[in-house]
Amino acid sequence: MKKLFLLSAAALMISTGAFAQSTVVTTTGTGHAAAIQIEPQYRTRIKSYVTEHHLRPVTTKEKIIVGATVPGDVELETVPADWGPSLTQYRYVYSGERVMLVDPGTRTVVQEID
């Protein structure tokens, strides 16, 4: 029985490690304090998108930062699929030479990509 438990635990650890390596985005924390970790190849795609599409930054009275709520008069853009499948649940705003990922339900900035 002990061997079966140890084998099960080892298999679980191995499968968890493999899953973590294939994950594109990892969300940690809860609520507005959640942080999204984006793998380097997706950060590169996002930066290339900004350059290739000549995005015009939005102008707001207050600086848009992580944790802040994006004003209602600012249009949230759809995240392109090639930014990574886990990011398509978000919207983005280009502000101050940075892409800001926004939770569309709350309009809260969850990640800055500079």
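Here, the structure is the one placed above.
Described below are features of the structure shown in this document.

What counts as what
- Residues numbered from 1 in each chain as written.
- Predicted model: local features only at pLDDT ≥ 70, side-chain atom pairs only at ≥ 80, totals over all residues.
- Heavy atoms only, no water.
- Pairing = 2+ DSSP bridges.
- Helix = DSSP H or I, 4+ residues; strand = E, 2+ residues; numbered from the N terminus.
- Contact = heavy atoms within 4.5 Å.
- Axes fitted to C-alpha atoms, helices over the stretch in contact; angles between N-to-C directions.
- Polar contact = N/O pair within 3.5 Å; in protein donor to acceptor, adjacent residues only side chain to side chain.
- Core = buried A, V, L, I, M, F, W, Y, C linked by side-chain atoms within 4.5 Å.
- Buried < 20%, exposed > 50% of the residue type's maximum accessible area, 1.4 Å probe, protein only.
- Phe/Tyr/Trp six-rings, centres within 6.5 Å; stacked < 30°, edge-to-face > 60°.
- Expected span 1.5 Å × (residues − 1).
- Arc of directions from axis to C-beta.

With respect to the sheet that holds strand β4 (residues 91-95)
Whether parallel or antiparallel, the strands of a sheet pair through hydrogen bonds between backbone atoms.
Next, step 1: The four strands are arranged β3-β4-β5-β6 in an open sheet whose pairing can be described as antiparallel. Looking at strand neighbours, the two that pair on one side only are β3 (77-78) and β6 (108-113), the edges of this open sheet.
Next, step 2: Direction of pairing for β4 relative to strand β5 (residues 98-103): antiparallel, over a ladder of five bridges. Residue pairing for β5: R91 is matched across the bridge by V102.
Next, step 3: The strands touched by helix α2 (residues 40-52) within the sheet are β4, β5 and β6, with β6 carrying the most contacts at an inclination of about 95°.

Digging into the environment of T106
Next, step 1: Mapped onto the fold, T106 is located in the loop between β5 and β6.
Next, step 2: As for T106 and T69, which are separated by 37 residues in sequence, their C-alpha atoms are 7.5 Å apart.
Next, step 3: Engagement of the side chain of T106 in a polar contact is seen with the side chain of T108, the distance being 3.0 Å.

A look at the nonpolar core
Next, step 1: Of all hydrophobic cores here, the largest spans 16 residues; its most connected members are W83, L87, V99 and L101.
Next, step 2: Broken down by secondary-structure element, the contributors of at least two residues to this core are β2 (35-38), α2, β4, β5 and β6.
Next, step 3: The element that contributes the greatest number of residues to this core is α2, accounting for four residues.
Next, step 4: Within the second largest apolar cluster, eight residues are counted, among which are I64, V93, M100 and V102.

Quick notes on the packing of aromatic side chains
Next, step 1: Considering all chains together, one arrives at three aromatic pairs under this definition.
Next, step 2: Seen from their ring centres, Y49 and W83 are 5.3 Å apart, and the 85° between their planes marks the pair as edge-to-face. In this pair, Y49 is assigned in helix α2 and W83 in the loop between β3 and β4, connecting sequence segments 34 residues apart.
Next, step 3: Residue classification places W83 among the buried residues on the basis of a relative accessible area of 0%.
Next, step 4: Between Y49 and Y92, the aromatic rings sit 6.5 Å apart at their centres with planes inclined by 85°, giving edge-to-face as the arrangement. Highlighted residues: Y49 in helix α2 and Y92 in strand β4, separated in sequence by 43 residues.
Next, step 5: The buried category is assigned to Y92, whose relative accessible area is 4%.

Re α2
Next, step 1: Under the 1.5 Å per step criterion, the end-to-end length of α2 is 18 Å for 13 residues, consistent within 8% with the ideal 18 Å.
Next, step 2: Three or more residues of α2 are buried, namely Y42, I46, Y49 and V50. Down the axis of α2, the sector holding all buried residues measures 100°, keeping them to one side. Projecting away from the buried face of α2 at angles above 90 degrees are the exposed residues P40, T51 and E52.
Next, step 3: H54, located one to two residues past α2, shows a positive phi value of around 45°.

Section: the pairing of β5
Next, step 1: Counting buried positions along β5 yields five of six residues, so the element is predominantly enclosed.
Next, step 2: Linking β4 back to β5 in an antiparallel pair, the connection comprises two residues, with G96 at a positive phi of about 60°.
Next, step 3: For β5 and β6, the ladder comprises five bridges, and the chain directions are antiparallel. Opposite D103, over in β6, you have T108 as the bridge partner.

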